[in-house]
Amino acid sequence: QVQLVDSGGCFVQAGGSLRLSCAASGSFSSANVIVMGWYRQAPGKQRESVATITSGGSTHYADSVVGRFAISRDNRKNTVYLQMNSLKPEDTAVYYCNGLWAFGNYWGQGTQVAVSS
């Protein structure tokens, strides 16, 4: 019922910036989403939450990205963004978009972010 397509990941030098996008499509109403978020998984590590935004607009960030990353959404475009600034090598991971609706939990395919020192 919902398809999430992640994009925007690439190779960047430490200190640089990237903006990830997650476009949602399918049979749903953006007003009915409970929460959307970005997660990441580095090689050999578990997937972890990076940032989330609720239907009411409340945001939450992992301690490691506070002050550097910002999550936002455009309901008209059914798109969620993750603005990443001051990137560090430890931010290197595959980033996944996630969306939770009352009828199900959905993941994007992932987009690779690689930060060089």
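Whatever comes next refers back to the structure up there.
Sequence order as written defines residue numbering, which begins from 1 separately in each chain. Given that this is a predicted model, residues contribute local features only at a pLDDT of at least 70 and side-chain atom pairs are listed and counted only at 80 or more, while totals for whole chains, interfaces and linings are drawn from all residues. The basis for the side-chain values is all heavy atoms of the structure; hydrogens and waters are excluded.

(A) Highlighting the nonpolar core. Throughout, nonpolar core names a set of buried Ala, Val, Leu, Ile, Met, Phe, Trp, Tyr and Cys residues whose side chains join them through atoms within 4.5 Å. Each residue is assigned to one of three classes by its accessible area relative to the maximum for its type, calculated with a 1.4 Å probe on protein chains only: buried under 20%, partly exposed between the two thresholds, exposed over 50%. L4, M36, W38, L82, M84 and Y95 are the most contacted members of the largest nonpolar core, which has 30 residues in total. Elements that contribute at least two residues to this core include exactly β1 (2-7), β3 (18-26), β4 (33-41), β5 (48-54), β7 (69-74), β8 (79-84), β9 (93-101) and β11 (111-116). The contact definition used throughout considers only heavy atoms, calling two residues in contact when any of these lie within 4.5 Å. Those residues within four positions of L82 in sequence are excluded, and the remaining contacts are L18, R19, L20, W38, V50, A51, F69, A70, I71 and Y95. Numbering of helices and strands runs from the N terminus; a helix is a DSSP stretch of H or I covering at least four residues, while a strand is a stretch of E covering at least two.

(B) Structural detail: the packing of aromatic side chains. Two aromatic rings from Phe, Tyr or Trp, using only the six-membered ring of Trp, form a pair when their centres are within 6.5 Å; if the ring planes differ by under 30 degrees the pair is stacked, by over 60 it is edge-to-face, and anything between is tilted. Throughout the structure, instances matching the rule amount to four aromatic pairs. Ring geometry for W101 and F103: centres 6.0 Å apart, planes at 25°, overall stacked. Residue classification places F103 among the partly exposed residues on the basis of a relative accessible area of 38%. Centre to centre, the rings of W101 and Y106 are 6.1 Å apart; their planes meet at 75°, and the pair counts as edge-to-face. Given a relative accessible area of 17%, Y106 falls into the buried group. As a reminder, the over-ring test applies to NZ of lysine and CZ of arginine, requiring each to be within 6 Å of the ring centre and within 35 degrees of the ring normal. Above the plane of the ring of Y96 lies R47, whose end atom (NZ or CZ) is 3.7 Å from the centre. Sitting over the face of the ring of W107, R47 holds its NZ or CZ atom 4.6 Å from the ring centroid.

(C) Geometry of the side chain of T52. Inspection of the secondary structure assignment puts T52 in strand β5. The class of T52 is buried, set by a relative accessible area of 16%.

(D) Summary view of the sheet that holds β7. Paired strands are those between which DSSP finds at least two bridges. Overall, antiparallel pairing links the four strands, which are arranged β1-β3-β8-β7 in an open sheet. Of all strands in the sheet, those bounded by a partner on one side alone are β1 and β7. Going from strand to strand, the sheet's axes swing by 15° on average, the running direction of each strand aside. Alignment of β7 against β8, held across six bridges, turns out to be antiparallel. Residue pairing across strands places F69 opposite M84, the latter belonging to β8. Each axis is a line fitted through C-alpha atoms, and for a helix only the stretch in contact is used; angles between axes span 0 to 180 degrees, taken between their N-to-C directions.

(E) Structural view of the pattern of salt bridges. Criterion for a salt bridge: a side-chain nitrogen of Lys or Arg within 4 Å of a carboxyl oxygen of Asp or Glu. Here the structure, examined in full by the defined rule, presents four salt bridges. Two residues, D74 and R76, come together in a salt bridge whose shortest N-O distance is 3.8 Å. For D74, a relative accessible area of 17% puts it in the buried group. Several salt bridges share partner residues, and in doing so they unite R40, E48, R68 and D91 into one network.

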